[in-house]
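An overview of the molecular structure
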Amino acid sequence: MNPAPSLPENIVIIGFMGSGKSTIGRALHQRLGYPLVDMDQIIEQRAGQSIAEIFATLGEPAFRDMETALLKELGEPAATRRIISTGGGIVGRAENRTMLKNLGYVVWLHAPAAVILARTNKSHSRPLLQTEDPAARIQSLMAEREPLYQESAHLKLDTTGLRCDELATGIVECSRYFFNNRP
Ligand code: S3P
């Protein structure tokens, strides 16, 4: 029997829009010196359009296909020692959730709906929140997604009351412990 392929030493950050994935990703990149892979940014660069434009011109399913294709690409060949920051909806597809778990140590950044609303309500870059009632949209998307983040994550971090550097320290230490203690 072939031995199970080992998990690459990536740190993969998941969580709702506005949970701080990009900010924490940058802090981890500075702390560890690992390259930062921001999936939304790569999708925008490749498409030559912002996420909002992709949703408007090609539609959400086309964006989701780009997201899944990029995730596949990141898993093969399994490069290691990167910080991978994902878009908030990446956990929607079951195949994505499986790929996430095989891509590295998956950290779920959690924040309450009120905090998410406050952080996202001035930005127009998130098409899913451009509705009459963003608070209701956040509530319903969160209810739908929380079990999926839970299923995908090795670690859930409640970001309430913690500074970025404290969160980064927690993630570095937990990931080190995780990678050193795998069977
Ligand atoms: C989305 C989150 C966004 C971006 C797109 C869809 C989502 O990323 O991928 O607008 O479905 O939650 P952020 O979580 O970085 O805002």
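If you're wondering where the values come from, they're calculated on a predicted model, not measured in any experiment. (Residues numbered from 1 in each chain as written. Predicted model: local features only at pLDDT ≥ 70, side-chain atom pairs only at ≥ 80, totals over all residues. Heavy atoms only, no water.)

It is worth spelling out the overall build of the chain at this point. Each helix and strand counted, the chain has eight helices and five strands in total. When the helices and strands of the chain are read in sequence order from the N terminus, they spell out β-α-β-α-α-α-β-α-β-α-α-β-α. Taken over the C-alpha trace, the chain has a radius of gyration of 16 Å; the compact-globule value for 183 residues is 16 Å, and the two agree within 12%. On the principal axes, the C-alpha backbone points of the chain span a range of 50 × 35 × 30 Å. Total accessible area on the chain is roughly 9,600 Å²; 53% of this is exposed by carbon and sulfur atoms. Side-chain charges of the chain comprise 20 positive and 20 negative groups, with the mean position of each set lying 4 Å from the other. (Helix = DSSP H or I, 4+ residues; strand = E, 2+ residues; numbered from the N terminus. Rg over C-alpha atoms; globule rule 2.2 N^0.38 Å. Areas by Shrake-Rupley, 256 points an atom, 1.4 Å probe, with all protein chains shown as cover. Lys, Arg positive; Asp, Glu negative; His and termini not counted. Charge placed at Lys NZ, Arg CZ, Asp CG, Glu CD.)

For the rest of this paragraph, the subject is the side chain of Arg 97. On the secondary structure map, Arg 97 appears in helix H5 (residues 94-103). The contact partners of Arg 97, leaving out residues within four places of it in the chain, are Val 91, Gly 92, Leu 148, Glu 151 and Ser 152. (Contact = heavy atoms within 4.5 Å.)

The ligand sits among 13 residues. The nearest are Lys 21, Asp 40, Arg 64, Arg 126 and Arg 145. The contact in question runs from an oxygen atom of the ligand to an N or O atom on the side chain of Lys 21, over 2.7 Å. Coverage of the ligand by the protein chains reaches 94% of its 390 Å² of free accessible surface. Tallied by class, residues from the shell around the ligand come to five nonpolar, three polar and five charged. (Near = heavy atom within 4 Å. Polar contact = N/O pair within 3.5 Å; in protein donor to acceptor, adjacent residues only side chain to side chain. Nonpolar A, V, L, I, M, F, W, Y, C, P; charged D, E, K, R; others polar.)

A few words now on helix H7 (residues 134-152). The terminal C-alpha atoms of H7, which comprises 19 residues, lie 25 Å apart, in line with the 27 Å expected from a rise of 1.5 Å per residue. Remark: the principal bend of H7, roughly 40°, maps to Arg 145, with a proline, Pro 147, within the next four residues. When we look at burial in H7, the residues that qualify are Ile 138, Leu 141, Met 142, Arg 145, Leu 148, Tyr 149 and Ser 152. Here the buried face of H7 lies against strand S1 (11-15), helix H4 (60-75), H5, strand S4 (105-110) and helix H6 (113-120). (Expected span 1.5 Å × (residues − 1). Bend = angle between axes of the 7 residues up to and from the residue. Buried < 20%, exposed > 50% of the residue type's maximum accessible area, 1.4 Å probe, protein only.)

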